[in-house]
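So you can see what is in the structure, the chains are spelled out below.
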Amino acid sequence: MPNTQQHPAPLRILLIEDVEDDAQLLVDHLHSEGLIFDWRRIDTERDMNAKLQESWDIIVSDFSMPYLSGTRALEIVRQHDPDIPFIFVSGTIGEDTAVKAMKSGAQDYIMKDNLNRLLPAIERELRDAEVRRKHRQAEQILRKLSLVVKQATDSVFITDSSGRIEYVNPAFEKLTGYMADEIRGCTSAVLSSGKHDTAFFQKLWRIIRCGDIFKGILINRRRNGELFHEEKVIAPLKDAQGHITHFVSTGRDITARVHVEEANARLISILEATPDLVAIFGQEGRLRYMNRAGRRLLGLDFEEDVSTRHVQDLVHNDAAQQHISQALLAAREHDIWNGETVLRGAGGKGLPVSQVMLAHRNTDGSIEYLSTIMRDISERKHFEAELRHQTNHDHLTGLPNRFFLVDRFTSALEYAKRHGEYVAVLFLDLDNFKRINDNLGHAAGDSLLQQVAQRLKSCFRSNDTVARHGGDEFTIVANDIKNSEDVLRLLQKLNTAFERPVIIRSQNIYITFSIGIALYPHDGDQIEDLLNRADIAMYRAKSSGPNQYRFYASEMNARGHELLKLEADLRLALTREEFLLHYQPQLDLRSNRNIGIEGLIRWQHPVRGLISPADFIPLLENSGMIISVGEWVLRQACKIHRTIREAGFDDFRVSINVSAAQFNDEHLFDKINRTLRDEQMPQQALELEITENILMKDPVGAAETLRAIHALGVRIAIDDFGTGYSSLAYLKRFPLNALKIDRTFVSDLVDDPSDAAISEASISLAHKLDLEVIAEGVETVKQLEFLRTHDCDMVQGYYHSKPLPRSELMNFLQRKNSISRNRSSGADNNDG
């Protein structure tokens, strides 16, 4: 029995036979031989072309058929598949015809009357067909490989085991300049450049003769003598016994790449040597490279990976980062940007740099990367600043010179014009400087001018300009001037600053000035006009003797002298006990009882008599004397309360005003606490009146101060409510007890519906916030009745009582106390 297991699946046999019985006879014979197969019978060319689209293992064909000849069938099969076995089985084929058929591609022929040869022939031809297929596939692969080698861009040459060249591909010829015919039989030594020593080649041969693969870079020489760099791979070929028969060498020309790498290496060495920061980064701003100088300027470690950083991380602040963002946009659009920025130097210090930013594009025009160069210009900036300073400042005193003065003066005038303020120009001439210079020498004179300059700078504000005009003359431009009194305060500070002598060579020299003053806009609105008029005023002062000042406008001189004299007297008033308090009673509208007073300061001048608070309180505030005088008022208020208590008045309180300077005094709390303790004053009997504008300058700080004072038990009232810019909604955050409606709303509330509405709304809202309401400036019975009708808690004003001195106050309270007792006994007496 034949071995039918040679084919894992049943054979597929295509029978070309016109007689069905003959076909069945053939099939039965193969089955009887034990062959397992599938088969199909056809007898026309059309059916044959259709069936050949399927896969068949062998074709068995009759030779003589009415519709399709065996010769034609063989021709069709060979066109379709040259390897498929084809066997003729016929009863009529002669020997000559059979030989012809074999020559045409048939594998065998079997006579129908001798089918015993059929199965062996099928098995033989299946084996031969497999061999033919493999051989044909090997030839195809070989042809492809040969084509690959010929068309490869890499050079290929093959040597025998001794290294003699047997084959080179066209790429080798192109690379080296040697043609195949002229180099065949030579060794690769013809390519030697002399750049590699004997040891290099000995090592190479050791590797490949051991059967390993050599990989490396060789410098070889072309036929024309030019050197080229080749990335080389040499592999041994072995026969079936493992003996090396040939070597295959493939090489890739990397000369261009090597030259680029060498150029890059040279560029990198240059970049690493430059003192400028050089960085490369992507379109998104992420760094790719930074040289050593850049790392040093930024304080980065030389080994740190900079790819985690953004180009914006290099600069110092938000403004510089915004600047870099704009530079990136400009470089992307125009390919180049240059300018200046501030680098975040080592330790976070700002470092000024000049910067160039470049965009580098691909061949398609898209940006591949960007680069930047930054150069440290701090020394140049320092030099420029020093040059500007020297240009704009006097070299002896360091003060601004006349040129810088004009620049600052221009800015001051523009600001004053926008805000409706004044600017004062003070022209100072040093009295008797020539005598000092002549007696002590020029060096002493220079030292004197330097010390005078420093004192002048110290006694004026930072936004004022103190300049040396030349010689012994100085010019001062003072901003934020509200009125002429502000100028007089500057003069007072100037006098105070030079009360101490200047010491030159162990000698005490007392400095005085002749001062001329011009005011914008009274005396002009042009810089030169104001400077000239201040100069004229200075000469007027100088003609009156040393240590004098004059305003350019003569009418201001008299007022100035008056205020300076008044301030001088004011400084002595406290020690001379010229201050006194008058007290204005406060009436409770529900009980018609006097339950409190407000203490109001007065100044009894020994010559001028009683001076209005409007004339001296601003001087107290501007001179700083309000702190000590305010403490005196606090203590006097506590003393009067003791007197009132001893007279039998219980639940009585005293109110006093607290100025802005007092409220900002860091010792205010301690002074209040100490005074209450010293005078044994009930805390709840003291009420401090503070204007809303004081609180709203610093609401957070004010709230802290008020809470501390309120914690003592002291009452707090908002004075002059409605004249500032606060609101009841905001005031609810403060620990308040009372609200005082300003007299400006009370005076016309009977006739002015707006004032009436404001007063009524203030009372209603204050009560909702659990605050008492006190109306100031009540001068008529109609005003009082309006306030009573609308549930105002208390009033004070001339209708009830003017401010009274201490002696009259006690009589007033005794009298009102008597009236209140009579009322409580049933008397009907309405005393508003």
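This structure is a prediction, so every number in the text was calculated from the model and none was measured. (Residues numbered from 1 in each chain as written. Predicted model: local features only at pLDDT ≥ 70, side-chain atom pairs only at ≥ 80, totals over all residues. Heavy atoms only, no water.)

Colleague: Describe the layout of surface pockets, listing the residues and the values that go with them.
Modeller: Computed from the structure, the largest pocket encloses a volume of approximately 980 Å³. Lining of the largest pocket is provided by 39 residues; of these, Leu 600, Ile 617, Glu 621, Asn 657 and Asp 719 occupy positions nearest its centre. Of all elements in the fold, only β24 (593–605), α19 (613–623), α20 (626–646), α21 (660–663), β27 (686–691) and β28 (715–721) reach the threshold of two or more residues within the lining of the largest pocket. For the lining of the largest pocket, the element with the most residues is α19, which contributes seven residues. Tallied by class, residues from the lining of the largest pocket come to 17 nonpolar, 12 polar and 10 charged. (1 Å grid on protein atoms, 1.4 Å probe; cavity = no way out; pocket = protein on both sides within 12 Å on 5 of 7 lines; lining within 4 Å. Points joined across faces, edges and corners; volume = space filled by probe spheres on them. Helix = DSSP H or I, 4+ residues; strand = E, 2+ residues; numbered from the N terminus. Nonpolar A, V, L, I, M, F, W, Y, C, P; charged D, E, K, R; others polar.)

Colleague: Quick one: what's the story with the packing of helix α14 (residues 433–440) against helix α15 (residues 442–459), residue by residue and with numbers?
Modeller: Running from N to C, α14 and α15 point in directions that differ by 135°, and their axes come no closer than 6 Å. By the angle between their axes, α14 is oblique relative to α15. On α15, the residues touching Phe 433, Ile 436, Asn 437 and Leu 440 of α14 are His 442, Ala 444, Gly 445, Leu 448 and Leu 449. (Axes fitted to C-alpha atoms, helices over the stretch in contact; angles between N-to-C directions. Parallel < 35°, antiparallel > 145°, perpendicular 65-115°, else oblique. Contact = heavy atoms within 4.5 Å.)

Colleague: Describe the pairing of strand β15 (residues 367–376), naming the residues involved and giving the relevant values.
Modeller: Bridging between strand β11 (residues 277–281) and β15 involves five bridges; their strand directions are antiparallel. Note on β15: the bridge partner recorded for Val 278 is Ile 373. Bridge count for strand β14 (residues 350–361) against β15 is nine bridges, and the pairing is antiparallel. The residue of β15 that forms the bridge with Gln 355 is Met 374. Between β14 and the antiparallel strand that follows it, β15, lie five residues; Gly 365 among them carries a positive phi value of about 90°. (Pairing = 2+ DSSP bridges.)

Colleague: Tell me about the sheet that holds strand β8 (residues 214–221), and name the residues and values.
Modeller: One open sheet accounts for five strands, arranged β7-β6-β10-β9-β8; its pairing is antiparallel. Looking at the sheet topology across the chains shown, the edges are occupied by β7 (165–168) and β8. The mean angle between the axes of side-by-side strands here comes to 30°, regardless of whether they run parallel or antiparallel. In terms of strand pairing, β8 meets strand β9 (residues 227–238) through eight bridges, oriented antiparallel.

Colleague: Outline the packing of aromatic side chains, listing residues and values.
Modeller: Under the counting rule described, the total for this entry stands at 13 aromatic pairs. Summarising the aromatic geometry, the rings of Phe 498 and Phe 513 are spaced 5.1 Å apart at their centres and angled 80° between planes, so their arrangement reads as edge-to-face. On the criterion of sequence distance, the pair formed by Phe 498 in the loop between α16 (484–497) and β19 (502–504) and Phe 513 in strand β21 (residues 513–520) is long-range, its members being 15 residues apart. Each member of the pair, Phe 498 as well as Phe 513, carries the same accessibility label: buried. Look at Phe 579 and Trp 603: their rings are 6.3 Å apart centre to centre, the planes differ by 45°, and that puts the pair in the tilted class. Of this pair, Phe 579 sits in strand β23 (residues 579–588) while Trp 603 sits in strand β24; the two residues are 24 residues apart in sequence, bridging distant segments of the chain. Like Trp 603, Phe 579 is buried. Linked through ring pairs, Phe 579, Trp 603, Phe 616 and Trp 632 together constitute an aromatic cluster. Its end group placed over the ring of Trp 56, Arg 12 keeps NZ or CZ at 4.2 Å from the ring centre. (Phe/Tyr/Trp six-rings, centres within 6.5 Å; stacked < 30°, edge-to-face > 60°. Buried < 20%, exposed > 50% of the residue type's maximum accessible area, 1.4 Å probe, protein only. Lys NZ or Arg CZ within 6 Å of the ring centre and 35° of its normal.)

Colleague: Help me get a handle on the nonpolar core, residues and values and all.
Modeller: Of all hydrophobic cores here, the largest spans 75 residues; its most connected members are Ile 672 and Leu 787. By residue number, the principal contributor to this core is α20, which donates eight residues. Here Ile 672 is in contact with Leu 634, Leu 686, Leu 688, Ile 709, Leu 712 and Val 714, once residues within four sequence places are set aside. Among the nonpolar cores identified, the runner-up in size contains 39 residues, and Leu 399, Phe 433, Ala 444 and Ile 517 belong to it. (Core = buried A, V, L, I, M, F, W, Y, C linked by side-chain atoms within 4.5 Å.)

Colleague: Describe the confidence of the model for the protein chain, and please don't skip the residues or the numbers.
Modeller: Residues at a pLDDT of 70 or more form 95% of the protein chain, whose mean pLDDT is 88. Scored below 50 in pLDDT, residues 1–7 shows 10 contacts in the model against residues more than four places distant or in partner chains. Across residues 826–832 the pLDDT falls below 50, and counting only partners more than four positions away or on other chains, this stretch makes 11 contacts in the model. (pLDDT = per-residue confidence, 0-100.)

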